[in-house]
Amino acid sequence: MSEKSFLSVRGLSHTYHTKSGETPALSDINFTLSPGEFAAIVGPSGCGKSTLLELIAGLIPVRKGEISYPACETFPTIGYMLQKDHLLEYRTIYKNIILGLEIQHRLTKDNIHYVTRLMKQYGIYDFASSYPGELSGGMRQRAALIRTLAIRPDFLLLDEPFSALDYQTRLDVSDDIVNIIRKQEITALLVTHDLSEAISTADRVIIFTKRPGHIRSAIPIDFGTTEKLSGRKARLHPKFQNYFDQIWKELKSDE
């Protein structure tokens, strides 16, 4: 018997209602994610990619369609990383990282030990007493990820979390963050406008049409290695350009 899907999205559509009228955002979205899979969504601006994440996160009520978790006995814990790190400038890095645990009344010895281990493992521990304004953009994003991981999410939603960084930092941080996610064996869904980022980080790239967003196709990414390549190595692999051209062609065919 095949393994149950971690996430199942079926017949999902969404329309925004305003005083000026209705704006369809998503139309009949259908896809699944396997446990531990890292998928990326690409598509034109305004095609509903971020709306999909908000629906999955429960920030927007589902009015048409269904989102379920067949492999989960209970509703999974969901972590959400946004474009901005949203660190509170008046709290130290450590205090920012434990904020979610404080809110959920889960600041136990075990969770504090877990946070400390993550901070040491990923180069943030020495900045525990620093304030966000004293850190680089890349270090802030690492802190934001550890804050998200502190609640031990089963599922991670990433809405262009690297877009505010310069190119060099973006490569370094995206590699680090994807490695962290894979080591933690968390199922993840990334929204990005960067095709190279999608190809070099994801197990599968899901391509959206223009608004209202609909899935045009989904392309598995396989570089023929037993372990996932780093983002830098993936970009140098002979198959990389073929994947890029294939996805670019799909996106351009919608114009």
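If you're wondering where the values come from, they're calculated on a predicted model, not measured in any experiment.

**Some remarks on helix α5 (residues 137-149)**
- With 13 residues, α5 should reach 18 Å at 1.5 Å per residue; the first-to-last C-alpha distance of 18 Å fits that figure.
- Of all the 13 residues making up α5, twelve are buried; the element is thus mostly covered by neighbouring parts of the structure.
- Lining the buried residues of α5 we find β5 (78-81), α2 (93-97), α4 (109-121), β6 (155-159) and α6 (167-183).

**Overview of the environment of S253**
- Locating S253 in the fold gives a position in the segment after α9 (238-252).
- With a relative accessible area of 42%, S253 lands in the partly exposed category.
- Counting along the chain gives 37 residues from S253 to R216, while the straight-line C-alpha distance between them is 10.0 Å.
- Engagement of the side chain of S253 in a polar contact is seen with the backbone oxygen of E250, the distance being 2.7 Å.

**Here we look at the nonpolar core**
- Counting residues in hydrophobic clusters, the biggest one holds 52 residues, and the most contacted among them are F38, I97, L158, I181, V205, F223 and I247.
- Broken down by element, the residue count for this core peaks at six residues, all from α5.
- When neighbours within four sequence positions are excluded, F38 is seen to be in contact with L158, V178, I181, R182, A188, L190, T201, A202, D203 and R204.
- Ranked by size, the runner-up nonpolar core spans 25 residues in total, among them L26, I56, L157 and F208.

**Remarks on α4**
- Here α4 spans 18 Å end to end across 13 residues, near enough to the 18 Å set by a 1.5 Å rise per residue.
- Turning to α4, its buried residues are N111, Y114, V115, L118 and M119. Taken around the axis of α4, the buried residues stretch over an arc of 135°, which confines them to a single face. Facing away from the buried side of α4, by more than 90 degrees, are the exposed residues K109, D110, H113 and K120.

**A few points about the sheet that holds strand β2 (residues 21-33)**
- Overall, antiparallel pairing links the three strands, which are arranged β2-β1-β4 in an open sheet. Edge positions in the open sheet fall to β2 and β4 (64-68), since each of these has one partner strand only. When strand polarity is set aside, the average angle formed by the axes of neighbouring strands in this sheet is 25°.
- As paired elements, strand β1 (residues 7-18) and β4 share four bridges and run antiparallel to each other.

**Observations concerning unusual backbone geometry**
- Residue P212 follows R211 across a cis peptide bond; omega there is -5°.
- Its location among the elements puts P212 in the loop between β8 (204-208) and β9 (215-220).
- A positive phi is found at H105, a non-glycine position, where the angle reads about 55°.
- Its identity as a non-glycine residue notwithstanding, E160 has a phi of 45°, on the positive side.

**Looking at the sheet that holds β5**
- Spatially, the six strands line up as an open sheet ordered β5-β6-β7-β3-β8-β9, and their pairing is mixed. Of all strands in the sheet, those with a lone pairing partner are β5 and β9, marking the two edges. If you compare each strand with its neighbour and ignore which way they point, the axes differ by 15° on average.
- In the sheet, β5 pairs with β6 via four bridges, with the strands oriented parallel. If you follow I78 over to β6, its bridge partner there is F155.

Thresholds, definitions, all that
Sequence order as written defines residue numbering, which begins from 1 separately in each chain. Selection of residues for local features in this predicted model requires a pLDDT of at least 70, selection of side-chain atom pairs for listing and counting requires 80 or more, and totals for whole chains, interfaces and linings are taken over all residues. The side-chain figures draw on all heavy atoms in the structure; neither hydrogens nor water molecules are used. Numbered from the N terminus, helices here are DSSP runs of H or I no shorter than four residues, and strands are runs of E no shorter than two. Expected span, for any helix, means 1.5 Å times one less than how many residues it has. Buried residues are those whose accessible area, probed at 1.4 Å on protein chains only, stays under 20% of the maximum for their type, while exposed residues exceed 50% and partly exposed ones sit between those limits. Should any heavy atoms of two residues lie within 4.5 Å, those residues are counted as being in contact. We call two N or O atoms a polar contact when they sit within 3.5 Å, provided that within protein one can donate a hydrogen and the other can accept it, with sequence-adjacent residues counted only if both atoms are side-chain atoms. We define the nonpolar core as a collection of buried residues of types Ala, Val, Leu, Ile, Met, Phe, Trp, Tyr and Cys that are connected through side-chain atoms lying within 4.5 Å of one another. Arc definition: directions from the helix axis to the C-beta atoms. Pairs of strands are assigned from DSSP output, requiring at least two bridges between the strands. Axis lines are fitted to C-alpha atoms, over the contacting stretch for helices. Their N-to-C directions set the angle, which ranges from 0 to 180 degrees.

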